[in-house]
Amino acid sequence: MARPRIDRHTLTAPAVAASLAILIACATSSCNSQSFQQSSGPAMPAMPPVPPQAPAPPMNVARLLNGNWMATYPGGPLRVVIGLDQMLRGRNYVATLIDGNKNIPAGQVVWKGTLDQNVPGIVKAQQICAEHGFLSARWVEARIIVSDASHFREELVNPTDCHGFPVQFTRIGPAPTAPVRD
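Residues numbered from 1 in each chain as written. Predicted model: local features only at pLDDT ≥ 70, side-chain atom pairs only at ≥ 80, totals over all residues. Heavy atoms only, no water.

Quick word on the overall build of the protein chain
Within the protein chain, the regular secondary structure consists of one helix and eight strands. Secondary structure elements of the protein chain occur, N-terminal to C-terminal, as α-β-β-β-β-β-β-β-β. Burial statistics for the protein chain: of 182 residues in total, 25% are counted as buried. The long-range fraction of contacts in the protein chain, counting pairs at least 24 apart against all pairs at least 6 apart in sequence, stands at 40%. For the protein chain, the accessible surface area stands at approximately 12800 Å², while carbon and sulfur atoms represent 61% of it. (Helix = DSSP H or I, 4+ residues; strand = E, 2+ residues; numbered from the N terminus. Buried < 20%, exposed > 50% of the residue type's maximum accessible area, 1.4 Å probe, protein only. Contact = heavy atoms within 4.5 Å. Areas by Shrake-Rupley, 256 points an atom, 1.4 Å probe, with all protein chains shown as cover.)

Let's talk about the nonpolar core
Residues Leu65, Tyr73 and Trp111 are the most contacted members of the largest nonpolar core, which totals 29 residues. In this structure, Tyr73 is in contact with Leu78, Val80, Leu97, Asn101, Val110, Trp111, Gln127, Glu154, Phe165, Val167 and Phe169, ignoring residues within four places of it in sequence. (Core = buried A, V, L, I, M, F, W, Y, C linked by side-chain atoms within 4.5 Å.)

Thoughts on the pattern of salt bridges
For side chains of opposite charge, pairing can occur when their charged atoms come near one another. Under the counting rule described, the total for this entry stands at four salt bridges. With a shortest N-O distance of 2.9 Å, Arg79 and Asp99 are connected by a salt bridge. Within this pair, whereas Arg79 is found in strand 2 (residues 78–84), its partner Asp99 is found in the loop between strand 3 (92–97) and strand 4 (109–115), the two being separated by 20 residues in sequence. Using a relative accessible area of 40% as the deciding quantity, one classes Arg79 as partly exposed. (Salt bridge = Lys/Arg side-chain N within 4 Å of Asp/Glu carboxyl O.)

A few points about the sheet that holds strand 7 (residues 151–156)
To summarise the sheet geometry, strands pair through backbone hydrogen bonds and adopt either a parallel or an antiparallel arrangement. Here we have eight strands rolled up into a closed barrel, ordered 1-2-3-4-5-6-7-8, and antiparallel in their pairing. Within the sheet, the average angular offset between the axes of one strand and its neighbour, ignoring direction, is 30°. Bridging between strand 5 (residues 122–131) and strand 6 (residues 135–148) involves nine bridges; their strand directions are antiparallel. Opposite Lys124, over in strand 6, you have Arg143 as the bridge partner. (Pairing = 2+ DSSP bridges. Axes fitted to C-alpha atoms, helices over the stretch in contact; angles between N-to-C directions.)

Quick look at the state of the cysteines
Under the counting rule described, the total for this entry stands at one disulfide. Bridging Cys129 to Cys162, the disulfide has an S-S length of 1.2 Å. Highlighted residues: Cys129 in strand 5 and Cys162 in the loop between strand 7 and strand 8 (167–171), separated in sequence by 33 residues. Judged by relative accessible area, Cys162 falls into the buried class, the value being 15%. (Disulfide = S-S within 2.5 Å.)

Structural notes on the packing of aromatic side chains
Applying the stated criterion to the full structure yields five aromatic pairs. Their ring planes at 75° and their centres at 6.1 Å tell us that Tyr73 and Phe165 sit as a pair that is edge-to-face. Taken together, the positions of Tyr73 in the loop between strand 1 (67–71) and strand 2 and Phe165 in the loop between strand 7 and strand 8 put the pair 92 residues apart, joining distant regions of the chain. Exposure remark for Phe165: the relative accessible area of 21% places this residue in the partly exposed category. Ring plane angle 85° and centroid distance 5.8 Å describe the contact between Tyr73 and Phe169, whose orientation is recorded as edge-to-face. Taken as a pair, Tyr73 in the loop between strand 1 and strand 2 and Phe169 in strand 8 lie far apart in primary sequence, 96 residues in all. Exposure class is identical for Tyr73 and Phe169. Each is buried. (Phe/Tyr/Trp six-rings, centres within 6.5 Å; stacked < 30°, edge-to-face > 60°.)

Observations regarding unusual backbone geometry
The omega angle of the peptide bond from Gly76 to Pro77 is 20°, so this bond is cis rather than trans. With respect to the element layout, Pro77 can be found in the loop between strand 1 and strand 2. For the bond from Phe165 to Pro166, the omega torsion is 5°, close enough to zero to count as cis. The backbone of Ser136 sits at a positive phi, close to 55°, despite the residue not being glycine.

Shown next as structure tokens:
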């Protein structure tokens, strides 16, 4: 008996579409398997939590003394200009009297000082003392106690060295919000 002959080269459109759909389904399912997914490599250890940072210390108001002031020196109030000594590094203040009195002439440095490194708000200073007519001028130890950016007090370490102390200073004009660079 003769075998029926099958024509293998003739495919119908529905058969092609079905075959193509099966092929795409197989390819898609194999690409979605775990073995085809890209690995991120070994897991990186997690960073330890960062400890909270302490807040920045408050600004030392003694760094804001530059500017124009009124001082209660004898014969005052007298104007004083405070600046930094350009010849020295760091916070080295120089206070110059604008209005003279009977003891100290205008334009004279009345005190000079540096920040106390251990106590905020304090300037260790030397104050000039003189008798009538700028006689017997001498430097004595003083301390500047800063209460805020617009007020401070000058006291002598030995209160008997000069008369007229303590001296109160009040800023003329607005207070600075940041210190002048050293």
